[in-house]
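Coordinate inspection notes
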Amino acid sequence: QLIVVVELPEGTHLDTTDEVSAALERHLLAREDVESVAAFIGRGTPRFYYNLPAIPNSPHIAQLLVNARHVDDIAAIGQSAERFAERFPSARVVANALEQGPPTIAPIELRVFADDLDTLHETSEALRRALRDVAGTRTVRSDIGDGAPTLRIDADDAALTRRGVPRQALAS
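Below: a short report on this structure.

Definitions and cut-offs
Residues numbered from 1 in each chain as written. Predicted model: local features only at pLDDT ≥ 70, side-chain atom pairs only at ≥ 80, totals over all residues. Heavy atoms only, no water. Helix = DSSP H or I, 4+ residues; strand = E, 2+ residues; numbered from the N terminus. Buried < 20%, exposed > 50% of the residue type's maximum accessible area, 1.4 Å probe, protein only. Contact = heavy atoms within 4.5 Å. Areas by Shrake-Rupley, 256 points an atom, 1.4 Å probe, with all protein chains shown as cover. Pairing = 2+ DSSP bridges. Axes fitted to C-alpha atoms, helices over the stretch in contact; angles between N-to-C directions. Expected span 1.5 Å × (residues − 1). Arc of directions from axis to C-beta. Salt bridge = Lys/Arg side-chain N within 4 Å of Asp/Glu carboxyl O.

**A short note on the overall build of the protein chain**
Secondary structure summary: the protein chain contains four helices and four strands in total. Helices and strands appear in the protein chain in the N-to-C order β-α-β-β-α-β-α-α. Out of the 172 residues belonging to the protein chain, those deemed buried represent 30%. Counted over contacts in the protein chain with a minimum sequence separation of 6, partners at least 24 positions apart contribute 66%. For the protein chain, the accessible area works out to roughly 11800 Å², and carbon and sulfur atoms hold 52% of it.

Below, the structure is given as structure tokens:
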């Protein structure tokens, strides 16, 4: 068995995730070495295996559980899934065989720290570019998302009082 994770940009509609996943599922089922595929759109697979990392429910994520006819076929199936996914440039597709051992998101993980988001994004992108040039690497990715926009208001209570605005009015 292997798990194929399909991740589209944050904010992608569930229908789009379903379309991309369905195309990948059809591609996999057309292979003679694939016995079956179960797709989980907008969420991860049920936790049926002890070391699968939890995937949050989100409309831009899908997981496909692929049953190979033979264990020797798993690597070729995973490579085929990742190559097929190149047809969808905004999709990030990673196929991994179910294996023993502690759960891993990636065999090699780098953590980048910075005092501001611009530096964090620039440094992260520079590392991704450098790693993509290393022979034998595949699926170089970052988990820095755009996130949800936020607005923070630092209220000046003295100024609010001078203008006769109650602090509660800021929340409405």
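**A few points about the sheet that holds strand E1 (residues 2-7)**
As summarised here, the arrangement of the four strands in space is E2-E3-E1-E4, forming an open sheet in which the pairing is antiparallel. With partners counted over all chains shown, the strands left at the sheet margins are strand E2 (34-41) and strand E4 (92-97), one partner each. Direction aside, the axes of adjacent strands within the sheet are offset by 15 degrees on average. With seven bridges connecting them, E2 and strand E3 (residues 61-68) associate as antiparallel partners. Residue pairing in the sheet places Ile41 in a bridge with Ala62 of E3. Across the sheet, helix H1 (residues 14-29) lies against E1, E2, E3 and E4, angled at about 175 degrees from E2, the strand it touches most. Where helix H2 (residues 74-84) meets the sheet, it contacts E1, E2, E3 and E4, and its direction lies at approximately 175 degrees from that of E4.

**Observations regarding helix H3 (residues 117-132)**
Over its 16 residues, H3 extends 22 Å from the first C-alpha to the last, a length consistent with the 22 Å expected when each residue adds 1.5 Å. Regarding H3, the residues found buried are Leu120, Ser124 and Arg128. For H3, the arc enclosing every buried residue in end-on projection is 60 degrees, short of the 170-degree limit, so these residues lie on one face. Facing away from the buried side of H3, by more than 90 degrees, are the exposed residues Asp118 and Glu122.

**Side note on the environment of Asp72**
Along the chain, Asp72 turns up in the loop between E3 and H2. The exposure class of Asp72 is exposed, given its relative accessible area of 62%. Once the C-alpha coordinates of Asp72 and Asp33 are considered, the two residues, 39 residues apart in sequence, prove to be 9.5 Å apart.

**Focus: the pattern of salt bridges**
This structure, assessed with the given rule, holds six salt bridges. Among the ionic pairs, Arg128 bridges to Glu125, the shortest N-O distance being 2.3 Å. A residue pair is termed a helical-turn pair when its members lie 3 or 4 positions apart in one helix, as Arg128 and Glu125 do in helix H3 at three residues. Residue classification places Arg128 among the buried residues on the basis of a relative accessible area of 17%. Where Arg167 meets Asp157, a salt bridge forms, and the shortest distance between an N and an O atom there is 2.7 Å. You can see Arg167 sitting in the segment after helix H4 (157-162) and its partner Asp157 sitting in helix H4, a full 10 residues away along the chain. According to the relative accessible area criterion, Arg167 is partly exposed, its value standing at 48%. Through salt bridges that share partners, Glu125, Arg128, Arg129 and Arg132 make up one connected network.

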